[in-house]
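# Structural description and commentary
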Amino acid sequence: MSQSVVIASPARSLKVMRRALFLSSFPIGVLTLGIPIYGPDRLHLNAVEVGALISIYALMMLVMRPIVGAAMDRFGRRRFFIAGTALQLASNIFFAAGSSFAWLFFGRAAQGIAAGLLWLSAYAITADLAAEGKHGNLFGSVEEMLARGGLYGAAIGAPILLITQFDPIAWAIVFGFYAVLNAVGLYWAWKHLPETYHKAPPQAIHFAIPNVSRQMLILISIVLCTSIANAALAPITIQFVLHDMKFPVIVVALAYIPSAIVFSFLQSRLGKLADRVGRKRPIALGLITSGTSSAIVPNLVFLLPFIGGWVLLPLVALWISEAVGFSAATPAEQALVADLSGEKTRGRSFGLYTSAQSLGQVIGPTLGGTLYESISHSAPFYFNTVVLWLGAAILILLIRDPYQRTPASQPVLPHEPPAQWPSAGGGK
């Protein structure tokens, strides 16, 4: 049942939400590599079917997010968060039963719908509960749950699947375990998460298209373009390192661990930068840093004749720097969306923001693959560099930073939510 009472403890509500998010995100890390391996090797799926399993997730998010954004501004946040957690549980059950393409397809579709519900409502809940001047840190802590849950899930599931060579029984056990954790998160959210949205008077409620400011349109355009550019590298980076740098899969996987740790534990800490120096500078710095990394990576092949396998060290350093940049930029970007949107259109504003991200994730991989195959293996990296640097320049020149540092006398959250979870008493 949705609650419309005043929230007595914003810190506790945020902790409940983040715990449910954490327990719901365990499958993400395993699925990234699991579908391309498990599908062809064990279920004998062809490339088209594997591609469909990857794209249906982003497509479902793209369809759901603008609808959910508008609906949350009418019906509140809690019910959408609960529905997303329940659908994520259903997707884990589909995956556990994944003995055919149909089961995996239904699982990915349910997972995409769940993501459209779950993460958008999490952003809106965070914006509702965040005290002025604390958005960056709190959005960073939400992002951490996605990365940390995926990291922990991979640490548990990947060794089992690799040792058993993706045996279907092992696959079912792993996703059955994820489903149990998901069910715990669903129960926790159902029992303890209150409604955070204060409903407007009936005459003020409608489904009209929100009055989007010019500043918001510019920001959404930057998000769309940079999302396309980043997603263009998604199917390319691993192929480039494997085929052009000649590293084995296990080495590449280990090389990703430091940047995964950065995403999992530093986003809330680096999100504080947006609360100290404003929103624009962390976003611009993140875009410039990532663009610079993309420009350097394809040139590392020229170091191979001189230093051989040691080229992995600068590659890891570049990935870490990129992770640090985005760990600072992403919560600042989300805080900027919250700053530029009105209280009663916040759900729709985040719907537009996340829709731009999803559309980029749909367009980017195909574009990156085309550049990789048709022009050169380096082309997607340089494309990413140009787009991110242009995005940073447009942001600096055209976006006004509305951030106002919280005066010392202004009340903030009674207790700042812990930067890490599980917290004391939650158990690790």
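About the thresholds
Residues numbered from 1 in each chain as written. Predicted model: local features only at pLDDT ≥ 70, side-chain atom pairs only at ≥ 80, totals over all residues. Heavy atoms only, no water. Core = buried A, V, L, I, M, F, W, Y, C linked by side-chain atoms within 4.5 Å. Buried < 20%, exposed > 50% of the residue type's maximum accessible area, 1.4 Å probe, protein only. Helix = DSSP H or I, 4+ residues; strand = E, 2+ residues; numbered from the N terminus. Contact = heavy atoms within 4.5 Å. Expected span 1.5 Å × (residues − 1). Patch = residues over 30% accessible without salt bridge, like charges linked within 9 Å, V, L, I, M, F, W, Y side chains within 5 Å. Areas by Shrake-Rupley, 256 points an atom, 1.4 Å probe, with all protein chains shown as cover. Salt bridge = Lys/Arg side-chain N within 4 Å of Asp/Glu carboxyl O. pLDDT = per-residue confidence, 0-100. 1 Å grid on protein atoms, 1.4 Å probe; cavity = no way out; pocket = protein on both sides within 12 Å on 5 of 7 lines; lining within 4 Å. Points joined across faces, edges and corners; volume = space filled by probe spheres on them. Nonpolar A, V, L, I, M, F, W, Y, C, P; charged D, E, K, R; others polar.

### What to know about the nonpolar core
With 74 residues, the main nonpolar core has M17, L21, F81, L104, W171, F175 and F350 as its most contacted residues. No other element matches helix α5 (residues 101-129), which puts 12 residues into this core. Setting aside anything within four residues of it in sequence, one finds L104 in contact with Y38, L43, L45, L53, F95, G98 and W171. Residues L233, V297, L312 and L315 belong to the second largest nonpolar core, which totals 18 residues.

### Points about helix α16 (residues 379-398)
In a regular helix each residue adds 1.5 Å, so 20 residues correspond to 28 Å; α16 covers 28 Å between its end C-alpha atoms and thus fits that length. Every buried residue of α16 is accounted for by A379, P380, F381, N384, T385, V387, L388, G391, A392 and L395.

### Side note on a nonpolar patch on the surface
Residues V386, L390, I394, I396, L397 and L398 make up a contiguous nonpolar surface patch of roughly 570 Å² in combined accessible area. Inspection of the secondary structure puts L398 in helix α16.

### Focus on the confidence of the model for the protein
For the protein, mean pLDDT is 79; residues scoring 70 or higher make up 83% of the total. No element of the protein has a lower mean pLDDT than helix α11 (residues 267-277), at 76, and none a higher one than α16, at 95. Low pLDDT, under 50, characterises residues 1-8; the stretch is placed with 16 contacts to residues that sit more than four places away or in other chains. Segment residues 202-209 is flagged for pLDDT under 50; beyond a separation of four residues in sequence, or across chains, it makes 10 contacts in the model.

### Description of empty space enclosed by the protein
Summed over the entire model, instances satisfying the criterion amount to 1 cavity of 30 Å³ or more. Approximately 60 Å³ is the volume attributed to the largest cavity. Among the elements that take part in the lining of the largest cavity, α5 stands out by supplying 4 residues, more than any other. Residues belonging to the lining of the largest cavity are distributed by class as follows: 5 nonpolar, 4 polar and no charged.

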